[in-house]
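One-letter residues, chain by chain:
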Amino acid sequence: MKKLVFASAMALASLSLVSAPALRAQEGSDQITIQNPAEFNAYQQASTQTDPAAKASALESFLQTYPQSVVKKAVLDQLIDTYQRLNQPDKALSAASRLLQVEPNNMKAIFLSVYIQKGECQKNVNPQTGKLSDPSPCDDAAALAHKGLTTPKPQGTSDGDWKKMTDQVYPVFDSAIALDDVLAKDDYAAAVDDYTKELMLYPPEQATSLPAVGDTLKLAEAFTKPTDKKDLVKAIWFYARAWDYAPAQYKSQIEPQLEYWYKRYHGTLDGPDAIKSQIDSVKTQAQASLFPPASFSIKPAPTPAEIVDGVISSTPDLTKLNLEDKEFILANGSKDAQDKLWAVLKGQLTPVPGIVISDPATALKVSVETTAAAKPKDYMVKLNTPADCSAVPPPPSSTGAAASTYLQANGASADVTAIDGLDRAHKVTIEPAVTTVNVAVTQDAKDSKTADFIVNLKDPESCKDAPQAGIELKLQPAMELDGTYDTYTQVPASGGKEAAAQIVLSDGFLQLEKKAAPVHHKPAAAGHHAGR
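Described in the following lines is the structure provided in the data block. (Residues numbered from 1 in each chain as written. Predicted model: local features only at pLDDT ≥ 70, side-chain atom pairs only at ≥ 80, totals over all residues. Heavy atoms only, no water.)

1. Re the pattern of salt bridges
Here comes step 1: Under the counting rule described, the total for this entry stands at 26 salt bridges.
Here comes step 2: Where Asp159 meets Lys153, a salt bridge forms, and the shortest distance between an N and an O atom there is 2.5 Å.
Here comes step 3: In this structure, Lys229 and Asp193 form a salt bridge, with 2.8 Å as the shortest nitrogen-oxygen distance. Of this pair, Lys229 sits in the loop between α9 (210–223) and α10 (232–245) while Asp193 sits in helix α8 (residues 188–200), and the two are 36 residues apart along the sequence.
Here comes step 4: Looking at Lys229, the relative accessible area reads 28%, which means it is partly exposed.
Here comes step 5: Take Asp193: its relative accessible area is 41%, and that puts it in the partly exposed class.
Here comes step 6: Here the salt bridges do not stand alone but share partners, grouping Lys230, Arg264, Asp444 and Glu498 into one network. (Salt bridge = Lys/Arg side-chain N within 4 Å of Asp/Glu carboxyl O. Helix = DSSP H or I, 4+ residues; strand = E, 2+ residues; numbered from the N terminus. Buried < 20%, exposed > 50% of the residue type's maximum accessible area, 1.4 Å probe, protein only.)

2. Remarks on the packing of α10 against helix α11 (residues 248–266)
Here comes step 1: Interaxial distance between α10 and α11 falls to 9 Å at its minimum, and their mutual angle equals 160°. Here α11 runs roughly antiparallel to α10, going by the angle between their axes. Pair α10 / α11 crosses with left-handed handedness. On α11, the residues that touch Leu232, Val233, Ile236, Tyr239, Ala240, Ala242, Trp243, Asp244 and Tyr245 of α10 are Lys251, Ile254, Glu255, Gln257, Leu258, Trp261, Tyr262, Arg264 and Tyr265.
Here comes step 2: Of the residues assigned to the contact of α10 with α11, the class counts are 13 nonpolar, 1 polar and 4 charged. (Axes fitted to C-alpha atoms, helices over the stretch in contact; angles between N-to-C directions. Parallel < 35°, antiparallel > 145°, perpendicular 65-115°, else oblique. Left-handed = near helix turned anticlockwise from the far one by under 90°. Contact = heavy atoms within 4.5 Å. Nonpolar A, V, L, I, M, F, W, Y, C, P; charged D, E, K, R; others polar.)

3. Some thoughts on the state of the cysteines
Note on terminology: a disulfide is the covalent bond linking the sulfur atoms of two cysteines.
Here comes step 1: Tallied over the entire structure, the rule returns 2 disulfides.
Here comes step 2: With a sulfur-sulfur separation of 2.1 Å, Cys389 is cross-linked through a disulfide to Cys463. Taking the sign of the S-S torsion, about -75° here, the bridge from Cys389 to Cys463 comes out left-handed. Of this pair, Cys389 sits in the loop between β6 (377–387) and α16 (400–410) while Cys463 is found in the loop between β8 (453–462) and β9 (472–473), placing the two residues 74 residues apart along the sequence. (Disulfide = S-S within 2.5 Å.)

4. Some points on the nonpolar core
Here comes step 1: Membership of the largest hydrophobic core comes to 49 residues, with the highest contact counts inside it found for Val352, Leu364, Val366, Leu407, Ile419, Ile430 and Leu481.
Here comes step 2: In terms of residues, this core owes the most to one element, strand β7 (residues 427–440), which gives 5 residues.
Here comes step 3: Once residues within four sequence positions are removed from consideration, Leu364 is found in contact with Tyr379, Met380, Val381, Leu383, Tyr406, Leu407, Ile430, Glu431 and Pro432.
Here comes step 4: Among the nonpolar cores identified, the runner-up in size contains 42 residues, and Phe223, Tyr239, Ala240 and Ile275 belong to it. (Core = buried A, V, L, I, M, F, W, Y, C linked by side-chain atoms within 4.5 Å.)

5. Regarding the packing of aromatic side chains
The description of an aromatic ring pair uses the distance of the two centres, along with the angle that the planes make with each other.
Here comes step 1: Under the criterion given, the structure shown has 11 aromatic pairs.
Here comes step 2: Look at Tyr260 and Trp261: their rings are 4.8 Å apart centre to centre, the planes differ by 90°, and that puts the pair in the edge-to-face class.
Here comes step 3: Owing to a relative accessible area of 22%, Tyr260 belongs among the partly exposed residues under this scheme.
Here comes step 4: The interplanar angle of 80° and the centroid separation of 5.9 Å between the aromatic rings of Trp342 and Tyr485 together place this pair among those described as edge-to-face. Taken together, the residues span a long stretch of sequence, with Trp342 in helix α15 (residues 335–345) and Tyr485 in strand β10 (residues 480–491) at a distance of 143 residues.
Here comes step 5: Relative accessible area serves as the criterion here: at 3%, Tyr485 is assigned to the buried category.
Here comes step 6: Through successive ring pairs, a cluster of aromatic residues spans Phe111, Tyr115, Tyr170 and Phe173.
Here comes step 7: Here the guanidinium or amino end of Lys251 rests over the ring plane of Trp243, the centre of that ring lying 4.2 Å away.
Here comes step 8: The ring centre of Trp243 lies 3.6 Å from the NZ or CZ of Lys283, which sits over that ring. (Phe/Tyr/Trp six-rings, centres within 6.5 Å; stacked < 30°, edge-to-face > 60°. Lys NZ or Arg CZ within 6 Å of the ring centre and 35° of its normal.)

Dropping the structure here:
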């Protein structure tokens with residue numbers, strides 16, 4: 001499921017946390033005085049511009065001409081506001097960074113920097129892998145957020161005004177820190193703490209705003225991860241709460257997660273109608289309170305062994321179970337239950353939909369053409385050092401001499417020696433290839449980014465055709481991976497992770513994605529012309 005990202009409704013352009021000091025030409029104990037008439041006139045001319053683009057240009061020009069001006073902070077403050085009106089966040093961030101150089105505790109500049117960097121952090125997430133292309137915006141936003149949370153109240157600011165400021169900015173700071181926990185640090189335990197801290201800051205009338213609802217959903221996700229903070233009862237509550245107040249177009253994305261985790265915790269023995277009624281009840285309760293009351297509870301599912309016994313006894317054809325259920329039985333069932341299931345699976349062919357965790361190159365496909373042979377001969381050479389396909393040294397593209405040097409440097413000696421005619425070949429083709437695809441099928445495996453299905457391919461697959469890590473394998477016409485059940489190993493529960501089974505399949509093969517055939521439009525019949 002695609003990650004749900006809510007756009008913030010906070011209007012940065014209207015935020016004025018610290019008022020700029022009054023600027024006048026004459027001296028005064030509470031006033032800033034510009035002594036240089038030319039500097040004063042330049043400031044007046046720049047600050048009174050009504051067109052935002054002209055004002056930004058004039059203010060930047062003023063700073064270049066008078067880099068040490070006594071009104072430098074005020075000019076940078078105006079630049080922040082002006083670039084926001086122009087919807088130029090990069091330039092607003094630059095102005096805020098420059099303001100922090102001269103006034104490190106300026107809360108407005110800290111807040112704006114955190115807000116913009118947090119947005120850049122989210123843009124850096126690869127939608128295929130969920131990984132960051134660049135963690136620095138996330139880290140920078142979190143570092144400034146920590147600074148903002150400890151920034152002292154400015155001299156001359158009343159307690160009431162300071163509270164209004166911090167009520168606005170502290171939730172954004174905690175949200176940025178939590179986002180960094182998840183995306184840059186992969187620390188969901190810390191994310192639980194930081195999202196909880198953030199949400200506790202919202203008064204009831206703001207707890208249903210888009211920023212609060214978006215991070216309520218993120219807190220729900222964090223509670224499902226395999227850490228010592230994992231708590232599916234709280235996860236279910238926060239999924240229901242997010243569903244309650246999410247815009248209509250997002251509810252259909254949240255509903256499957258809420259249903260999945262409810263069934264995962266409570267089980268499915270009550271039947272679909274009863275489960276739907278129970279989930280609806282949680283939704284109703286969550287409307288009234290952002291956090292679950294102490295009395296809130298959900299009846300847990302039967303023990304894993306009890307669930308397995310129920311599935312085994314109630315399923316006439318065990319081959320019809322989905323892969324996740326099969327893995328669950330092999331991980332949690334009694335020896336008798338495991339043996340009963342494995343007896344019908346062993347040697348059977350199955351598709352393996354899931355997320356590719358890794359498929360390193362382990363071999364070289366070699367094709368040798370000689371003048372003496374009518375057809376090229378194909379060989380398989382084991383790589384001395386398996387590596388990601390992108391990390392394998394690029395093979396030569398032509399002569400046998402270069403190919404021989406490459407193969408001797410990178411391939412198993414016995415395999416290279418077995419290649420007939422390499423020394424007299426007029427063309428050698430070498431392709432790095434994968435022999436095993438490691439796939440995460442169950443939700444737990446996807447969350448922990450570990451493979452629970454290992455598919456050993458019948459024939460090595462060239463790197464150019466093999467799926468990359470992070471790709472989702474599905475069923476045809478999408479790319480499909482198939483294999484034959486061979487062996488399995490139980491993996492005991494540990495470190496917040498539930499018991500699992502690692503299943504090995506043999507004779508695997510890939511079916512590449514089938515592209516839709518082009519649509520051919522029938523030409524218009526002769527004699528029919530426009531305008532006739």
